[in-house]
Amino acid sequence: MSIPVSVIIPTLNEAESISAFLRVLQPLREAGWELILSDGGSRDETVSLAEPRVDKIIVSTPGRAAQMNNGAESASGEVLLFLHADTQLPQDAIAQLTAFVASNADWGRFDVALSGRRFMFRVVETLINLRSRITSVATGDQAIFIRRSVFRRLGGYARIPLMEDVEICKRLRRLSPPCCIRARVITSSRRWETRGIWKTIFLMWRLRFEYWLGVAPDKLFRRYYGRPGNA
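What counts, and at which threshold
Residues numbered from 1 in each chain as written. Predicted model: local features only at pLDDT ≥ 70, side-chain atom pairs only at ≥ 80, totals over all residues. Heavy atoms only, no water. Axes fitted to C-alpha atoms, helices over the stretch in contact; angles between N-to-C directions. Helix = DSSP H or I, 4+ residues; strand = E, 2+ residues; numbered from the N terminus. Parallel < 35°, antiparallel > 145°, perpendicular 65-115°, else oblique. Left-handed = near helix turned anticlockwise from the far one by under 90°. Contact = heavy atoms within 4.5 Å. Nonpolar A, V, L, I, M, F, W, Y, C, P; charged D, E, K, R; others polar. Pairing = 2+ DSSP bridges. Core = buried A, V, L, I, M, F, W, Y, C linked by side-chain atoms within 4.5 Å. Buried < 20%, exposed > 50% of the residue type's maximum accessible area, 1.4 Å probe, protein only. Phe/Tyr/Trp six-rings, centres within 6.5 Å; stacked < 30°, edge-to-face > 60°. Lys NZ or Arg CZ within 6 Å of the ring centre and 35° of its normal.

Enquirer: Give me the packing of helix H5 (residues 119-135) against helix H9 (residues 197-213): which residues, what numbers.
Expert: Closest axis-to-axis distance for the H5/H9 pair is 11 Å, and the angle between their directions is 15°. On the basis of the axis angle, H5 is roughly parallel to H9. Note that H5 runs across H9; the crossing there is right-handed. In this structure, H5 uses Met120, Phe121, Val124 and Arg131 to contact H9, whose residues at the interface are Ile197, Trp198, Ile201, Trp205 and Arg208. Of the residues that constitute the contact of H5 with H9, the class distribution is seven nonpolar, no polar and two charged.

Enquirer: A description of the sheet that holds strand E1 (residues 5-11) should follow, citing residues and the corresponding values.
Expert: In space, the eight strands of this open sheet follow the order E3-E2-E1-E4-E7-E6-E8-E5, with mixed pairing throughout. Only two strands of the sheet have a single neighbouring strand rather than two, namely strand E3 (56-59) and strand E5 (87-88). Pairing geometry for E5 and strand E8 (residues 179-187), over two bridges, is antiparallel. Across the sheet, residue Gln88 finds its bridge partner in E8, namely Ile186. Contacts from helix H3 (residues 64-73) reach E1, strand E2 (34-39), E3 and strand E4 (79-82), with the element oriented near 150° to E1.

Enquirer: So what's going on with the environment of Ala20? Which residues, and what values?
Expert: Structurally, Ala20 can be placed in helix H1 (residues 18-30). Along the sequence, Ala20 and Ala50 sit 30 residues apart, while their C-alpha atoms lie 9.8 Å from each other.

Enquirer: Now, about the nonpolar core: what can you tell me, with residues and values included?
Expert: One finds Leu25, Trp33, Leu81, Leu89 and Phe110 to be the most contacted residues of the largest nonpolar core, which totals 37 residues. At five residues, the largest contribution of residues to this core is made by H1. Within the second largest apolar cluster, 30 residues are counted, among which are Ile36, Ala138, Leu172 and Leu220.

Enquirer: Can you explain the packing of H9 against helix H10 (residues 217-225)? Please cite residues and give values.
Expert: Between H9 and H10, whose axes approach to 10 Å, the crossing angle comes to 170°. Relative to H10, the element H9 is oriented roughly antiparallel. Between H9 and H10 the crossing geometry is right-handed. Touching Leu203, Met204, Arg206, Leu207, Glu210 and Tyr211 of H9 are Pro217, Leu220, Arg223 and Tyr224, all from H10. Across the contact of H9 with H10, the residue classes tally to seven nonpolar, no polar and three charged.

Enquirer: So what's going on with the environment of Arg208? Residues and values would help.
Expert: Tracing the sequence through the fold places Arg208 in helix H9. In this structure Arg208 comes out as buried when scored by relative accessible area, which is 18%. Remark: the alpha-carbon pair of Arg208 and Ala65, spanning 143 residues in sequence, is separated by 17 Å. Excluding anything up to four places from it in sequence, Arg208 contacts Arg131, Val137, Thr139, Met163 and Val166.

Enquirer: Tell me what's going on with H3, and back it up with residues and numbers.
Expert: Within H3, seven of the ten residues are buried, leaving the element largely enclosed by the surrounding structure. All of the buried residues in H3 are Ala65, Ala66, Gln67, Met68, Asn69, Gly71 and Ala72. On its buried face, H3 sits against E1, E2, E3, E4, helix H6 (148-154) and helix H7 (164-175).

Enquirer: Break down the packing of aromatic side chains for me, citing the residues and quoting the values.
Expert: According to the stated counting rule, one finds six aromatic pairs in the structure shown. With centroids separated by 5.1 Å and ring planes inclined at 85°, the aromatic side chains of Phe82 and Tyr157 adopt a geometry described as edge-to-face. Within this pair, whereas Phe82 is found in strand E4, its partner Tyr157 is found in the loop between H6 and H7, the two being separated by 75 residues in sequence. Accessibility expressed as a relative area gives 3% for Tyr157, which makes it buried. Centre to centre, the rings of Phe110 and Phe145 are 5.6 Å apart; their planes meet at 70°, and the pair counts as edge-to-face. One end of the pair, Phe110, is in strand E6 (residues 107-114); the other, Phe145, is in strand E7 (residues 145-147), with 35 residues separating them in the sequence. Note on accessibility: Phe110 and Phe145 belong to one class, buried. The cationic tip of Arg147 hangs over the ring face of Phe100; the distance from NZ or CZ to the ring centre is 4.8 Å.

Function-wise, these values are silent; they only describe arrangement.
This is the structure in structure tokens:
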């Protein structure tokens, strides 16, 4: 029996939360899904804590694009689901992806909800989902999923340190519109809470605009993280 979905999880120093994160995903393994952890060189116990709860561990060069590509290379599933380690899938994820597998769509993403309780987070997530639906561009926080054959035909994620999700969506939407699942993944609002909501909104829109203008992703990465990036 073929594996319907391979979940590819890029990680770096996630020991504090990786066990709880993976525990929630165990029903997917029981349903026949494959869990692949692609680690970018964690210096904590991420890998050892994850080992009992995943099917494969890939030791990758650091950088989210490289880690996701390396994880995808070893995947067996018909569909590749790229899931950040601070994002929770909806309870009906199996039903949603089963329907996608049976459809004619090439790729898709979930709507997103932020974990914080402040009213402004409801506004932010609504705008993210609306923008994504209008532009057919998703962020990694929305758990992008792609048929493995399509992903390989495209050559995977571009090896750039930032905007790899936007870049691949622009290539994917030339093939077909996305399957936009209204069920919501819940992603951590940590960066919004740490940096400030309005400051983060301004920064993200500025980075997207500069990317659209042609600014190199490595420069955008330095602006976002304050350090050089790895593709």
